[in-house]
Amino acid sequence: MMMAALKLGSLPPAALGRVTITKKCERLSGGVKVVGDGVGVGVNGFPSFLPKEVEKIKDPFARNLARRIKRLPVQIECSESFIMSSCIPPLVQSDNPVLLLHCFDSSCLEWRRAYPLLEESGLEAWAIDVLGWGFSDLGKLPPCNVESKRYHLYQLWKSYIKRPVVLVGPSLGAAAAIDFAVNYPEAVEKLVLINPSVYAEGTGNLAKLPKVVAYAGVSLLKTFPLRLYANLLAFDDIPLSKILDLTNVARLHCHLPWWKDATVNFMVSGGYNVVSQIKQVQQKTLIICGENDKIVGNKLSMRLLFELPVAKMQQVPDSGHLPHIENPRPVVKLIADFAGSDKR
């Protein structure tokens, strides 16, 4: 029987009114403090850099979190160049900063239902957009390969967080998390991998496609029917009315003018291949699995559990590939308990 609605947390107060408070990050010796800034605010309090299609989104959690998206200057490559990188910076600091990645070709809005609950738990939560996806300003397109994504994430961490984090990666974000943890172990205290997609050997034959074919494929990736089908696979049992709005949220970043170039750049670069890195992970790792994941499946999660040096696994009921959207309360509790488990 279909669920009548998503299992949601309580709406944050900011979602109940039209008052918008703009903020910016102020660097401290130990990390970052959030104070007021001058980011342009458009209609209904949304940042002016978001695509106008944000107005079509109905989900109050997505609308509320979209109002909090900021762009921070982050160094790219090994140069003095910076890009304005989109993220949800925290309102508070804590002893256990949590850095939230997202799935392939997604954005920080993926955390719209879990993020308020993480804040309620007292955690310092950073939801960031991986280089090449999300809402960063890529008008001067940098390379969007794995190495560039890794270095960009490191520079964001080095500039604004400056303390070891609990790094959370869902789906392909788990591959990004493993790659980052192995290359920058000083930045990562623990790993949380949600329905991890870590056994694909990069983008495979897609990396060999002629550019014109690659662009045609990426154009298809943006289409509403394909995104709708992906959501039907990703979620366990969601009414069609919810799926339509979920699809609008999932493809919002695709409306930015550089999205197609950035996605092709990643695709032809070869993508993530972290199979050889799995046994090099030294951080304690929590694997979270949706009970009814139709995309990765629990067999691969079990394989990862046995290959990681120090890991445990927990299952979330009534959820598919994206439990942090579909059933966020148990996911947040697992993350919060794991983040504080060695500090009591």
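Residues numbered from 1 in each chain as written. Predicted model: local features only at pLDDT ≥ 70, side-chain atom pairs only at ≥ 80, totals over all residues. Heavy atoms only, no water.

Caption draft 1: Up close: the packing of helix 5 (residues 211-222) against helix 8 (residues 259-269). At their nearest, the axes of helix 5 and helix 8 sit 9 Å apart, and the two run at 120° to each other. Of the possible angle classes, the one that applies to helix 5 and helix 8 is oblique. When the axes of helix 5 and helix 8 are compared, the crossing they make is right-handed. Residue-level contacts link K211, A214, Y215, V218, S219, L221 and K222 of helix 5 to W259, K260, D261, T263, V264, M267 and V268 of helix 8. Along the lines of polarity and charge, the residues of the contact of helix 5 with helix 8 split into 8 nonpolar, 2 polar and 4 charged. (Axes fitted to C-alpha atoms, helices over the stretch in contact; angles between N-to-C directions. Helix = DSSP H or I, 4+ residues; strand = E, 2+ residues; numbered from the N terminus. Parallel < 35°, antiparallel > 145°, perpendicular 65-115°, else oblique. Left-handed = near helix turned anticlockwise from the far one by under 90°. Contact = heavy atoms within 4.5 Å. Nonpolar A, V, L, I, M, F, W, Y, C, P; charged D, E, K, R; others polar.)

Caption draft 2: Structural view of the sheet that holds strand 7 (residues 165-170). An order of 3-4-6-5-7-8-9-10 is seen for the 8 strands of this open sheet, with the pairing classed as mixed. Taken across any chain shown, the strands that pair with only one partner, and hence form the sheet edges, are strand 3 (70-75) and strand 10 (311-316). The average undirected angle you get between the axes of adjacent strands in this sheet is 30°. Looking at chain direction, strand 5 (residues 98-100) and strand 6 (residues 125-128) are connected through 3 bridges and run parallel. Counterpart to V98 in the pairing with strand 6 is A125. Where helix 3 (residues 146-161) meets the sheet, its contacts fall on strand 3, strand 4 (82-88), strand 5, strand 6 and strand 7, and the angle it forms with strand 3 comes to roughly 105°. (Pairing = 2+ DSSP bridges.)

Caption draft 3: Quick look at the nonpolar core. In terms of nonpolar packing, the biggest core is built from 46 residues, with L100, V168 and V192 touching the most fellow members. Residue contributions to this core peak at 6 residues, all from helix 11 (residues 328-339). The contacts of L100, once residues within four sequence positions are left out, are W111, Y115, L118, A125, W126, A127, I128 and V168. One finds C87, A181, V281 and C289 within the second-largest nonpolar core, a separate group that totals 44 residues. (Core = buried A, V, L, I, M, F, W, Y, C linked by side-chain atoms within 4.5 Å. Buried < 20%, exposed > 50% of the residue type's maximum accessible area, 1.4 Å probe, protein only.)

Caption draft 4: How the structure looks around the confidence of the model for the protein. In the predicted model, the protein carries a mean pLDDT of 86, and the fraction of residues at 70 or more is 87%. The low-confidence segment residues 33-38, where pLDDT is below 50, has 21 contacts with residues more than four positions distant or belonging to other chains. (pLDDT = per-residue confidence, 0-100.)

Caption draft 5: Region of interest: the pattern of salt bridges. For the structure on display, the rule yields 10 salt bridges. Put simply, E307 and R303 hold a salt bridge, and the shortest N to O gap is 3.1 Å. Linking E307 with R303, this pair stays in helix 9 (residues 298-307), spanning 4 residues, or about one helical turn. Since its relative accessible area comes to 23%, E307 is described here as partly exposed. What you see here is one network of salt bridges that share partners, running through D59, R112 and R113. (Salt bridge = Lys/Arg side-chain N within 4 Å of Asp/Glu carboxyl O.)

Caption draft 6: Representation of the layout of surface pockets in the model. Roughly 1100 Å³ of volume is contained in the largest pocket. Sort the elements by how many residues they give to the lining of the largest pocket and helix 6 (residues 224-234) lands first, with 7 residues. Looking at the lining of the largest pocket residue by residue, the class counts come to 31 nonpolar, 12 polar and 4 charged. (1 Å grid on protein atoms, 1.4 Å probe; cavity = no way out; pocket = protein on both sides within 12 Å on 5 of 7 lines; lining within 4 Å. Points joined across faces, edges and corners; volume = space filled by probe spheres on them.)

Caption draft 7: Structural detail: unusual backbone geometry. Within the chain, N195 stands out as a residue other than glycine whose phi angle is a positive 40°. Along the polypeptide, N195 turns up in the loop between strand 8 (188-194) and helix 5. Taking the relative accessible area as the measure of exposure, N195 reaches 0% and is therefore buried. Of note, D318 is a non-glycine position whose phi angle comes to about 55°, a positive value. Tracing the sequence through the fold places D318 in the loop between strand 10 and helix 10 (323-326). A relative accessible area of 36% places D318 in the partly exposed class.

Caption draft 8: Structural view of the packing of aromatic side chains. If you walk through the whole model with that rule in mind, you get 7 aromatic pairs. On the numbers, 6.2 Å between centres and 40° between planes, the contact of F104 with F266 is tilted. Of this pair, F104 sits in the loop between strand 5 and helix 2 (115-120) while F266 is found in helix 8, placing the two residues 162 residues apart along the sequence. A relative accessible area of 36% places F104 in the partly exposed class. A relative accessible area of 3% places F266 in the buried class. Relative to Y184, the ring of F180 has its centre 5.3 Å away and its plane inclined at 45°; by these criteria the two rings are tilted. Summarising the burial analysis for this pair, F180 and Y184 share the class buried. An aromatic cluster is present here, built from F104, W133, F266 and Y272 joined pairwise through their rings. Here the guanidinium or amino end of R303 rests over the ring plane of Y199, the centre of that ring lying 3.8 Å away. (Phe/Tyr/Trp six-rings, centres within 6.5 Å; stacked < 30°, edge-to-face > 60°. Lys NZ or Arg CZ within 6 Å of the ring centre and 35° of its normal.)

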